[in-house]
Every structure is written in structure tokens, then in C-alpha cells.
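Now for the letters of each chain:
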Amino acid sequence: MSAPVDAYARLVRQGPGAALARRLGAPRPTALRRWEAGADLLTGPALVLGIGAAPLAADVSRWLAAAGARLADAEAATDDRFGAVVLDASAVRTTADLAAVREPLAPAFRRLAANGRVLVLGALVADTTTVEAAAVQQALEGLVRTLGKEARAGATVNLLRVGEGAGEALRGPLEFLASARSAFVSGQVLEVGPARGGDAARASAGPRTAVVTGAAQGIGAAVAEVLARSGTHVVCVDLAAQGEQLARVANRVGGSALHLDITAASAPAALAEHLLRRHGGADVVVHNAGITRDRSFVNLDEAGWASVLEVNLRAPLRLTEGLLAREGALRPQARVVQLSSINGIAGAKGQANYAASKAGVIGMVRALDARLAASGGAASAVAPGFVETAMTARMPLLPREVGRRASSLQQGGLPVDVAEAVAFLAGPAAAGISGQVLRVCGQNLLGA
Amino acid sequence: MSVPADPAAAPVPEGRLPRRAAILGGNRTPFARAGGRYAEASAQDLLVAAIDGLVARFGLAGEQLGEVVAGAVLKHSRDLNLTREAVLSTALSPRTPTYDVAQACGTGLEAAVLLANKIALGQVESGIAGGTDSASDAPIAVDDGLRRVLLALQRARTPQQRLAALSRFRPRQVVPATPRVTEPRTGLSMGEHAARTALQWHVSREDQDLLALESHRHLAEAYERGFFDDLLTPYLGLRRDDNLRPDTSLEKLAKLRPVFGRDEEGPATMTAGNSTPLTDGAAVVLLASDAWAAEHRLDVLAHLVDAQTAAVDHVRAGEGLLTAPVFAVPELLRRNGWTFDDLDLVEIHEAFASTVLATTAAWEDEEFCRTRLGLDGALGTIDRKKLNVVGSSLATGHPFAATGARILASTAKLLAERGGGRALISICAAGGQGIAALVEAP
Ligand SMILES: NC(=O)c1ccc[n+]([C@@H]2O[C@H](COP(=O)([O-])OP(=O)(O)OC[C@H]3O[C@@H](n4cnc5c(N)ncnc54)[C@H](O)[C@@H]3O)[C@@H](O)[C@H]2O)c1
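From a predicted model like this one, the values you see are computed outputs, not experimental measurements. Here the residue numbering is sequential within each chain, running from 1 through the sequence in written order. Labels follow written order: the first chain is A, the first ligand is 1, and so on. Local features in a predicted model are, by the rule used here, given only for residues with pLDDT of at least 70; side-chain atom pairs are given and counted only at 80 or more, and totals for whole chains, interfaces and linings are based on all residues. As a rule here, side-chain values come from all non-hydrogen atoms in the structure, and water together with hydrogens is ignored.

A. Spotlight on the overall build of chain A. Helix and strand definitions follow DSSP, with helices as H or I runs of at least four residues and strands as E runs of at least two, each counted in order from the N terminus. Per the secondary structure count, chain A includes 17 helices and 12 strands. For chain A, the C-alpha radius of gyration of 22 Å lies close to 22 Å, the compact-globule estimate for 448 residues. The principal-axis extent of the C-alpha atoms belonging to chain A is close to 65 × 55 × 45 Å. Residues counted as buried form 55% of the 448 residues belonging to chain A. Surface accessibility follows the Shrake-Rupley procedure with a 1.4 Å probe radius. Residue values consider only the protein chains on display as shielding. Roughly 18,000 Å² of accessible area belongs to chain A as shown, and the carbon and sulfur atoms make up 55% of that amount. Chain A carries 45 positive and 37 negative side-chain charges, and their two centres are separated by 6 Å. Radius of gyration here uses only the C-alpha atoms, and the compact-globule reference equals 2.2 Å multiplied by the residue count raised to the power 0.38. Relative accessibility under 20% of the residue-type maximum defines a buried residue, over 50% an exposed one, and the middle range a partly exposed one, all with a 1.4 Å probe and only protein chains included. As used throughout, the charge tally considers Lys and Arg to be positive and Asp and Glu to be negative, leaving His and the chain termini uncounted. For this purpose, a charge sits on NZ of Lys, CZ of Arg, CG of Asp or CD of Glu.

B. Structural view of the layout of surface pockets. Residue and element names in this part refer to chain A. Taken as a whole, the largest pocket spans an internal volume of roughly 1,400 Å³. In terms of lining, the largest pocket is formed by 48 residues, of which the most central are Ile291, Thr292, Tyr354, Met391 and Thr392. Elements with a minimum of two residues in the lining of the largest pocket: α9 (218-229), β7 (233-238), α13 (342-346), α14 (352-373), α15 (390-393) and α16 (397-405). Charged residues are taken to be Asp, Glu, Lys and Arg, nonpolar residues to be Ala, Val, Leu, Ile, Met, Phe, Trp, Tyr, Cys and Pro, and polar residues to be all remaining types, Gly included. In terms of residue class, the lining of the largest pocket is made up of 23 nonpolar, 18 polar and seven charged. The pocket and cavity definitions rest on a 1 Å grid over protein atoms only: a 1.4 Å probe that fits but cannot leave marks a cavity, an open set with protein on both sides within 12 Å along at least five of seven lines marks a pocket, and residues lining either have an atom within 4 Å of a point. Grid points are joined across faces, edges and corners, and a volume is the space filled by probe spheres set on the points.

C. Quick peek at the interface of chain B and chain A. The contact definition used throughout considers only heavy atoms, calling two residues in contact when any of these lie within 4.5 Å. Counting from both sides, the interface comprises 20 residues of chain B and, opposite them, 18 residues of chain A. Summing both partners gives a buried area of about 1,400 Å² for chain B against chain A, and 48% of it is carried by carbon and sulfur. For the chain B face of the interface with chain A, the top three residues by lost area are Ala56(B), Pro234(B) and Arg297(B), together amounting to 36%. Each salt bridge in this description consists of a side-chain nitrogen of Lys or Arg and a carboxyl oxygen of Asp or Glu lying within 4 Å of one another. At the junction of chain B with chain A, the criterion picks out one salt bridge. Note that Asp299(B) is salt-bridged to Arg277(A), the shortest N-O span being 2.7 Å. Residues adjacent in sequence count toward polar contacts only when both atoms are side-chain atoms; beyond that, a polar contact is any pair of N or O atoms within 3.5 Å, and within protein one must be able to donate a hydrogen and the other to accept it. Counting across the chain B and chain A interface gives nine residue pairs in polar contact (both at pLDDT 80 or more). Grouping the constituent residues of the side of chain B that touches chain A by class yields 10 nonpolar, four polar and six charged. Note: buried area is the sum, over both parts, of the accessible area (probe 1.4 Å) each one loses when the two are combined.

D. Summary view of the domain arrangement of chain B. Throughout, the edges of the domains are those of an automatic or database domain assignment. When its domains are assigned, chain B resolves into domain 1 (144-174) and domain 2 (190-226 + 264-274 + 304-440). Of note, the centres of domain 1 of chain B and domain 2 of chain B, computed from C-alpha atoms alone, are 48 Å apart.

E. The arrangement of the sheet that holds strand β12 (residues 437-440) of chain A in detail. Residues and elements named next belong to chain A. One requirement defines pairing of two strands: DSSP has to find at least two bridges between them. A sheet is described by the order of its strands in space; here seven strands give the open sequence β8-β7-β6-β9-β10-β11-β12, paired in parallel fashion. Strands with a single pairing partner mark the edges of an open sheet, and in this sheet they are β8 (256-259) and β12. In this sheet, adjacent strand axes meet at a mean angle of 20° when their direction is disregarded. Contacts from helix α10 (residues 243-252) reach β7 and β8, with the element oriented near 155° to β8. The convention used is that axes are lines fitted to C-alpha atoms, helices contributing only their stretch in contact, and that angles between N-to-C directions extend from 0 to 180 degrees.

F. Region of the structure containing the pattern of salt bridges. Under the criterion given, the structure shown has 40 salt bridges over all chains. One salt bridge in this structure joins Glu225(A) and Arg252(A), with 3.0 Å as the shortest N-O distance. Taken as a pair, Glu225(A) in helix α9 and Arg252(A) in helix α10 lie far apart in primary sequence, 27 residues in all. The salt bridge involving Arg19(B) is made with Glu125(B); its shortest N-O contact spans 2.9 Å. Taken together, the residues Arg19(B) in the segment before β1 (21-28) and Glu125(B) in the loop between α3 (107-120) and β5 (126-133) connect sequence positions 106 residues apart. Taking the relative accessible area as the measure of exposure, Arg19(B) reaches 29% and is therefore partly exposed. Each member of the salt-bridge network shares a partner with another, and the members are Glu273(A), Arg277(A), Arg326(A) and Asp299(B).

G. A look at the site of the ligand. Residue and element names in this part refer to chain A. For this description, a residue counts as near a given molecule or strand if any of its non-hydrogen atoms is within 4 Å of it. What surrounds the ligand is a group of 29 residues, the closest being Gln217, Asp238, Asn288, Tyr354 and Thr389. One of the backbone nitrogen or oxygen atoms of Ile262 is found 3.0 Å away from a nitrogen atom of the ligand. Take Val387: an N or O atom from its main chain is 2.9 Å from an oxygen atom of the ligand. Calculation on the ligand without its partners gives an accessible area of 830 Å², and the protein chains cover 94% of this total. The set of elements that each furnish at least two residues to the shell around the ligand consists of α9, α14 and α15. Looking at the shell around the ligand residue by residue, the class counts come to 14 nonpolar, 12 polar and three charged.

Put into C-alpha cells, the structure is as follows:
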């Protein structure tokens, strides 16, 4: 599926537009492969490589095969293109180990299929015991981010840092990053630790009830849809004025609609009460509602500054406090996922208010994660790059076009791309992931 | 009057019905003045929107309910299965059965009463009741002469017969007969009827304007405090009733020219400001047994206790066309052992401000209550502080069949907000009919 609103991407995909773009060296974005019910995990066989002891390689091969992937043999004389290449570099400790990475990886990378996946598995830098080991594990990050930029035709490259004792917790992130669900995630690093809380029950059940704020349109509506795919009841929250669209979303996903201004003084108590009475508590809270009021910092008036902080930062803080304060409003092992933005990481001209709010929520999830850990819960953030929604459709033409192309995948993401990442972090597959920020930006050049 | 009141029968307040149906909530479209925002929407579209908003609010997508009961006053012949066709376009399970009800302006409340009775009898556990009307998309009938020509043409077998049929055609017959809000047996509009009743009860222009002002003020306040956030879902970009004039004043209302009662002997007092306009909109309520509500983790806002209809003889006896509730209410109260003092809220549908005022005047009139209602004295005075506290039809507008469900849902929510209490709902309807209901917090 292609981004329907991106006329340029359609123009250069085939025919004379494609020829011209090729001659001019202009970007030619590939139509990204996205999740479809019943589709294969990969577009071709998976090649699993290892450096040194490669302690994870055997499990990884087993898990991929169980997920329906065909395992490739690097030596076999075929010109099959690889659907995925996984390199277990978790045992890399010395510069010599690092040097050994090139030989198997380079030819495999050359044979990567369109929309292929490269996953490098490293160790947690904190788990290393020597300075050299810390250095070479950090080096993997530079390698991965570069491969992300050199990858072609919709392929993505990501690094998973696997903590000691992560065990089965690696399986979910591995499958997510190998699958079409991570179409717009590239050049990113995720750390995986042991599963939090007694994951067994949760892993099989998945979340029963989720709340998504700002669910009437855009990313929020997509999040509701992806969460509902696995049977979660989604309480779709938005302003009363958005009720018509909100009802459509809620009914489409078999969820329910709640008219609530998240900035209202009564909102936290009202939401807690609603969740408790109607659903016996929530397993997932997605703070997605957000607004922009762009102005250069010196021209920003009090209202423009305050309103963005109010909706994007203060409201999620208060809502979360309200839910935590009300016994039972959040079920044990609850997950909070917060929408941030790459502009919150990198800053953006004319968005002092927005960037402050979106950086603020990163601080929020880190601190909140520690609090939720006690009940086996977790908090994480997703930082989208340029996503095709009503918010970005309002941007002036030039910045919008630059925003789209300034990423390794040379296109804007779709709301569903962000939603897949949110649902992953909210679900049982992310039992070993907490307090982190996952960028869904096609490896945007901003704040990389 | 036609209510068979048997003063000897003892009141049987509790347990008269096997169980009481619970009101769990409601939803409506904002109401729009005819020819406005919903000009292109059909009554069915409006009903679908109202039901879908309710389904979303209560998370009922895909649910099979006991039944959906609704109706419309201005009904196209193609809409013979209006509610069923509407439900098939909603997110409800297509296996939800339906039926249509018609009782003029009483339709919405009558639909709820019928559903509540089935719930009380255990015939269904849950359902949706309400109504819809589009004055913009009103059916236009062909002239009756033309209709006969066309029917004869259809029956004709030979060219001669066809010619004969066609020869009865007259050019003036192509002017369509648009529906009018006139009473078939008197030829008078509802407004003209109401104007006569207003004169009979000496209802002043000032009192009518004041009631209209209060309706607008109350409705505006209710919107401001978010009262309708869980009773209403925007439709086609409209977020509030567009008839609402939050800034209206007695001065502004006093300037309006009377439109009804100008041919009567006596002051004409009824204006566009103290009468309801033609309106488009739909409203529904969710009713269920207490057990169904508990199973679905839904709060019971209130119970529907009892209901009573009545009809007057406005044709031969000259009784006020819109005064049937004057008779229905005392019987309903008596049967349940309630008096006005037991009521915390009173909703009297504001077809016209004068209707409300004539109704309350009748109940305050000792002579009338003794001779016509068979009471010992005046029924009593309705405390204005309890009357139509979140505004009524003068401010919201009045899409005929939708009004009952609008009032019932608001009343149930008001009772839940107060944390207890009892309410009376009274609605007058065309044809000299009326319906009243009692509602009580759980
Ligand atoms: N679109 C992008 O490119 C992009 C990039 C980075 C981050 N984000 C973030 O993703 C989130 C969703 O973005 P989107 O593009 O889908 O936005 P959108 O404007 O399409 O939707 C946001 C929704 O939030 C709702 N909302 C706003 N204020 C609210 C309030 N006070 N109470 C309840 N609901 C409220 C709006 O009514 C709207 O339905 C935002 O937090 C945004 O900052 C978007």
C-alpha cells in the first residue's frame, strides 16, 4: 500500500516519471510493505548469522521458523534475495570481533530483498565489563544507522540490545522488527530486558481494555484499529465536537466512544470512574491527543505557549496521576504509551511550545516507568517523524515536501505505521521493553 | 376526556408491573431548523446517526438487542420499514428486530413505553426506542386528482381506456400537495388550535415570552456545563441545536409579530419566538432490564415507572387540541399514589409556550379540576424551578417523533445527577392526543 496523498511518490514509482527521476538522481521512494491478515512474515528466506559464540542465534532461528520464515543457508548457491538478515553480535567484545562483522554481513546485505529487514543483535552496553567491549558494542550503533541510510527499496535496519536474562522476551521485538508491522521503523535501537511481571498470563491474553485519547482521526484512529485487531476493547476518547467521527471509529473497531476534553479539570476523575465502572479498569493507556500552534519563540503569545503545553504535556500527566490515584482504574501490568515526536528530540523551528511538550513527555515516561514497574507495568513513548495526517496536511508545501523526503525511506509514514509501534509497545510482545522511546520516522535526518 | 378513572380503585404503586425497565442513556443528533444543516439528510439518515452514536457510547457494535422501536411523523411511503432499514445501516447486529410506531408528537415516548413494557414483561432484555423527523425531507404527495388519474392509467388495458384516463388530467394537478401541520378534521393549524386554548386560559404574551426565554437560557446553560456531552453526538458538522438563541431577551421576544390567533376574538399572543419551528433531528434511548445493565456494566440512570395516554374531543366538544395531557397526568399520578409534591422534576413538552401554560393553568383551576378531572379540588401548582430545567422544545426545536426520546434521556440523566428523585414527563400530540410518563431514580 502506498501513501495515497503523496503524489510525488506515485509519480516516480513507474513510467516516464520513474525514468526521469532515475536520470536526475531524485529520490524514488518504494511502496512499503505493510501488515495484512494472513500474509507471510517475510518476503524471502531469513539468514541468521553470528559472530563468535553467538548465543542468541539458535533461539532466533527457532523463533523465526516458528513464525513461518524459511531459513536460508548463506553458502547455498542460489540468488534468492533475503527477506531478513539477522546478525547475532551479542558476543562481540573486542575490536577483532568487530572486524569479523564485515565479512558475513556485507554480501548478505547486498542480497537483501525489497522491503527486507536487517536486525543486529547486540549486548546492553551496561552489561559489558571492559572498556573495549563497551566501545565495540556502541560501534554497532554507528554501523546500523549507516546501513539504514544505505539500505534500498524499503528495507530497514535496526539494532536490538539484548540484556542478560532477556530470554524469551527477545522473541516479540524480534518478530515485530522483522515483520511488515515495522515498515516505517529504521535506524533505531531498542533495549530488551527480562519480561516484567508474571508475563505468562498476560502474554497469552493480551490487553483486554485500552484507552486512546484523540481517537477521532489520524494516528489515534489508527491506534484504535490496530489494538482492536487482537480483540482489545478500545475506549476511544476525543472532544465532544469530534463526536461524529469518533462514533464512526468506535463502531468500526467494536469499541466505545467517550466524549472528554482531556484538559478539563474533571477529566482525570471522570476517566478513572468510566474505566472502573464500565470495564473494571484498563490495561493500556495511549496518550495520543495533541495539538500544534506553530510560531517562532519570540512571536509566541501566552495562549499559544500554554495551550500546547496544556494538551500535550499537562493533560497526560494529570490523567495518568488520576488513574494511578484511583484504585483499580489501571489493572496490574498496565502499559502507558505516550506519543512524542522527533521534533521533541531534535527541536524544530517555530515549535518551541510543541518540542518542549514532546520532550517533556519523554521525561514523563521514564519516570512513570519506574512507578509502574512495581505492578509489572511499563511506560514507553513513540516518536513519529513525518506522518501523513490532518496535522501535517496543514503544513506549508515546502516544509511538507522536505519533511517527507528527508528520511532514509524518502517518504512520509502512514498513521498505521505509528499505530503498529504503539500496539507493539502496549502488547505482550513488548514485555521486555520499558521506559524507552521508539522512533517511527523512516530514519528521519532530524535528531538522528 | 377519555381516561377511565375509577376513583374507587386503590393506587398500586409498587410491583404493579412485573419489573421496571431501566433507562441507561440516550443519544440524539443536534436539532436543526428545517431547510438548514440537515436539508439533504433523510429521516432515516438521522435515525441511523442517532443510533450509531448511542451504539458507540455504549460499546454495542455488533450486539444483537431485543428490539429497536422508532417512528417518524412525516413519513415517506417508501419508509414503511423505516426502523428496520435504519438498523441495517447501523453498527448493530442485523439480527436485531424492529418495528415502527406512530403517535404524532408522542411517537418517541410511546416507543419507549412500548419497549419498556416488553422489558417489564420479560419479553425482551434490552432495546433502543426513539424517533426521527425531517421536515426538510418531508414527503411530497402528488395532488389527489393526479393520483387517481395515474392509478386509472395503471389499470387501463386498452388504448381507449388509457385515453379516457388521461382525459381526466388537469394541469393544476401537477402542483404537489405538501404536508401541512393542520388538523384534518378542523382544517386549523396546530398553532391556531393552541391560540384558542391560550385565549380560553387567558395565557398572556408576557408569560409565554418568559417561558421561551427560560427555555433558551436553561438549554444554553446545560450546554455550557457539558450536560449534553454524553447525550448528543454532532452530525453533519452541527454540534448544538441551531434554534438555540443564548442571547435572546424579553425585549427581543416582545418585538416579534404574532403569527397565530390573529382571527380570534382576543389578543393574538403567539409568535415565532414562543412557538416551536419546523425542525429536523432524531433521538433514541437505551432501555434494558436491570440484569442486562449489570451484565454489561452499565449504570441505571432511572426507571420508567408507568405511563398513560389520553385523547380529547377537539372536533365536536371543542376541547383544546393539545390538552390531552391535562387528563392523562392526574390519572397517572393517582394510579401510582404520587402527587405534585412527590415530583422533583417536571418536563412538559413546549409545543408552544402557551400549551405549557394552559396545561399548568388547568391543573391550578379548582373548578376545572372538580368538574372535568373528577378531583376534589385543584390538582396543584407546578413549581417553575422544577420545570424543563435544561430547556425544552422552544429552544431545542421539535423534530416531532424525536422529542419524546430527547426528553426521556435528559430526564433520566437529571435524576441520576441529583442522585435520586421522581419526574413527570408530559407530551401533547396532534389529533387531540397526549402521553405522560413517570420516571424514578433507582
Ligand atoms: N502527524 C504527524 O506527523 C505527527 C508527528 C509526530 C507526532 N505526532 C503526534 O501524534 C499524535 C496524533 O497526531 P495526529 O497527526 O493524528 O493529530 P490530529 O490532529 O489528526 O488528531 C489529534 C486528535 O486529538 C484530539 N484532541 C485535541 N485536543 C484534545 C483534547 N483537549 N481532548 C481530547 N482530544 C483532543 C483532536 O480532536 C484530534 O482528533 C499527536 O500527539 C501528535 O503530536 C504526529
